[in-house]
Amino acid sequence: MSNDHLPEFPAGFWFGAATASYQIEGAVHADGRGPSIWDTYSHTPGLVLNGDTGDVACDHYHRYPEDVELLRRLGVDAYRFSIAWPRVMPTGSGDVNQRGLDFYDRLVDALLEAGITPVPTLYHWDLPQALEDAGGWRSRSTAEHFAAYTRAVVARLGDRIRHWITLNEPFCSAFLGYAVGRHAPGAREGTPALAAAHHLLLAHGLAVQELRAADAGEVGITLNPDRILPASDSAADRAAADRAETLHNRVWFDPLFAGRYPANEADVWGELADGSYRRDGDLEIIGQPLDFLGINYYRPLKVADGPLTEADPARRTAVDIRAHQQRFDGVRHTAMDWPVVPESFTDLLLDLTERYPNLPPIYITENGSAEHDVVSPGGRVHDTDRIAYLNDHLHALAAAIRAGVDVRGYFVWSLLDNFEWAFGYERRFGIVRVDYDTLERLPKDSYFWYQRLIEHHRARHRG
């Protein structure tokens, strides 16, 4: 692929790569780290494919210098990683484990020495198990503990870090974790899952207050909005798509950027949305101004109207909203069985900025594809499908920028193949292959494609 076909971006645009703590760090018992809900979940038989766990993962905890060197060679401006709450506070509250923070000290210093801006996410799903035992995100106290954890992290690292993300994809934490049961802690609940969604937003707001009080620099949150499409033009399917918009998007965007809760909650959840978990003043805490919004995007969703799966409200989960996902026909699907529809990326960004005109500048904090990678006899990974996915989605992003969307940067998911949650190690998103037997890193063709894109961008703006 020649440079003539590479997407082009404005001067000052950031290119980065992203990872998450439980997915790559391993070393789950090292230096005082406590157990997380993902340790418990992955060690429960039958919940993770092949019985895989994050015990070793990519062993980034010990091999981070090698991974920083991969980032330096790649040429990225920034690296998005996450900090493991149970490394910093092994039980989620109380005394700070300085040995856990020592690791992030070393990582941040190595990044800065390599000329790479560190962009940490404070919560990427690894809740300390002790807090889950006390109620987890169903409980307001977890949000208060998150504020104390944030205060401890910024006190140690805030002298060198000037960009912070509070939460990653609270949709997954609340609904995949507490309603679908496919993520830790594996619950299938109704009102408690809605309480978890609210308390995650409250935790974000309390963390923003801590970061502002510490003059910590730029602060944002990462959401994973979906482009929701009705399966047909029927009134029933359009109504189902509207309910899905609330479940996937409005629950987060309305409190954060419009100062309200979704207007159609009663239609979506009925008696499950009783609001018992809300207090006066919560919206003001949640909706504080942000410096940027992180968006993770992978694929659109198509939904059709259908009956409730569970008629009894006492047994119904928060994702049972009479909106049933449908398959996209006529498009390629990734190894995750996700449809590849790049133009939906453009449409989503345009729609969000129209609906929420006060959105802060946007960073694409994750985008990438899991593919069926094969190591060739010559020791290379010719991941042409991943390159096509990245190229097409970056062109779609460039189109959104030309149309007026204020996007400041892009982080590819992921730097490394890693523990892909309930799919274990079978699904590979990395632009660097990890041999899970030897832990050897092998840059794929997509790594060199992304490297060339970054070089092309810099050369273009130097000239």
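This text goes with the structure placed above it.
Novice: So what about the overall build of the protein chain? Which residues, and what values?
Specialist: Regarding its fold elements, the protein chain presents 15 helices and 13 strands. Its C-alpha atoms give the protein chain a radius of gyration of 21 Å, near enough to 23 Å, the size a compact globule of 463 residues would have. Referenced to the eigenvectors of the C-alpha coordinate spread, the extents of the protein chain come out at roughly 60 × 55 × 45 Å. Burial status across the protein chain gives 62% buried among its 463 residues. Long-range pairs, those at least 24 residues apart, make up 77% of the contacts in the protein chain between residues at least 6 apart in sequence. For the protein chain, the exposed surface amounts to about 16,900 Å²; the carbon and sulfur share of it is 48%. Distance from the positive charge centre (45 side chains) to the negative charge centre (66 side chains) of the protein chain: 2 Å.

Novice: Any details on the packing of helix 14 (residues 384-402) against helix 15 (residues 445-462)? Residues and values, ideally.
Specialist: Where helix 14 meets helix 15, the closest approach of the two axes is 9 Å, and the angle between their N-to-C directions is 30 degrees. By the criterion of interaxial angle, the relationship of helix 14 to helix 15 is roughly parallel. Side by side, helix 14 and helix 15 meet where R386, I387, L390, N391 and L394 of the first sit next to D445, S446, W449 and L453 of the second. Tallied by class, residues from the contact of helix 14 with helix 15 come to five nonpolar, two polar and two charged.

Novice: Report on the packing of aromatic side chains, specifying residues and quantitative values.
Specialist: For the coordinates displayed, the defined rule picks out 38 aromatic pairs. When the centroid spacing of 4.5 Å and the interplanar angle of 50 degrees are considered together, the rings of Y425 and Y436 count as tilted. Residue Y425 is located in the loop between strand 11 (407-413) and strand 12 (432-434), and its partner Y436 is located in the loop between strand 12 and strand 13 (441-443); the two are separated by eleven residues in the primary sequence. Each residue in the set Y22, W38, Y41, W125, F419, W421, Y425 and Y436 is aromatic and connected to the rest through ring pairs, giving one cluster. Cation over ring: R299 sits above W338, and NZ or CZ is 5.1 Å from the ring centre. Here the basic side chain of K302 rests over the ring of F328, its NZ or CZ set 4.6 Å away from the ring centre.

Novice: Report on the pattern of salt bridges, specifying residues and quantitative values.
Specialist: Per the counting criterion, the structure on display carries 39 salt bridges. Taking the shortest distance from any N to any O, the salt bridge between R355 and D351 comes out at 2.6 Å. Linking R355 with D351, this pair stays in helix 13 (residues 342-355), spanning four residues, or about one helical turn. Using a relative accessible area of 28% as the deciding quantity, one classes R355 as partly exposed. Between D373 and R386 there is a salt bridge, with its nearest N and O atoms 3.1 Å apart. Residue D373 is found in the loop between strand 10 (362-366) and helix 14, and its partner R386 is found in helix 14; the two are separated by 13 residues along the sequence. Take D373 and R386: they sit in the same class, and that class is buried. Salt bridges here are not isolated pairs; linked through shared partners, they connect D102, D105, D109, R156, D159 and R160.

Novice: I'd like to hear about the environment of R162, residue by residue, with values.
Specialist: Summarising the element assignment, R162 is placed in the loop between helix 7 (140-157) and strand 4 (163-168). Taking the relative accessible area as the measure of exposure, R162 reaches 35% and is therefore partly exposed. The spatial distance from the C-alpha of R162 to the C-alpha of A216 is 5.9 Å, given a sequence separation of 54 residues. If sequence neighbours within four positions are ignored, R162 has contacts with D215, A216, G217 and E218. Of the polar contacts made by the side chain of R162, one reaches the backbone oxygen of D215; its length is 3.0 Å.

Novice: Now, about the pairing of strand 2 (residues 78-82): what can you tell me, with residues and values included?
Specialist: For strand 2, a buried count of five out of five residues is recorded, marking the element as mostly surrounded by other parts of the structure. Residues A78, R80 and S82 point to one face of strand 2 and Y79 and F81 to the other, with burial holding for every one of them. Bridge count for strand 1 (residues 14-18) against strand 2 is three bridges, and the pairing is parallel. Opposite A17, over in strand 2, you have Y79 as the bridge partner. As paired strands, strand 2 and strand 3 (residues 117-123) are joined by five bridges and run parallel to one another. By the bridge assignment for strand 3, Y79 is matched with P118.

About the cut-offs
- Residues numbered from 1 in each chain as written.
- Predicted model: local features only at pLDDT ≥ 70, side-chain atom pairs only at ≥ 80, totals over all residues.
- Heavy atoms only, no water.
- Helix = DSSP H or I, 4+ residues; strand = E, 2+ residues; numbered from the N terminus.
- Rg over C-alpha atoms; globule rule 2.2 N^0.38 Å.
- Buried < 20%, exposed > 50% of the residue type's maximum accessible area, 1.4 Å probe, protein only.
- Contact = heavy atoms within 4.5 Å.
- Areas by Shrake-Rupley, 256 points an atom, 1.4 Å probe, with all protein chains shown as cover.
- Lys, Arg positive; Asp, Glu negative; His and termini not counted.
- Charge placed at Lys NZ, Arg CZ, Asp CG, Glu CD.
- Axes fitted to C-alpha atoms, helices over the stretch in contact; angles between N-to-C directions.
- Parallel < 35°, antiparallel > 145°, perpendicular 65-115°, else oblique.
- Nonpolar A, V, L, I, M, F, W, Y, C, P; charged D, E, K, R; others polar.
- Phe/Tyr/Trp six-rings, centres within 6.5 Å; stacked < 30°, edge-to-face > 60°.
- Lys NZ or Arg CZ within 6 Å of the ring centre and 35° of its normal.
- Salt bridge = Lys/Arg side-chain N within 4 Å of Asp/Glu carboxyl O.
- Polar contact = N/O pair within 3.5 Å; in protein donor to acceptor, adjacent residues only side chain to side chain.
- Pairing = 2+ DSSP bridges.

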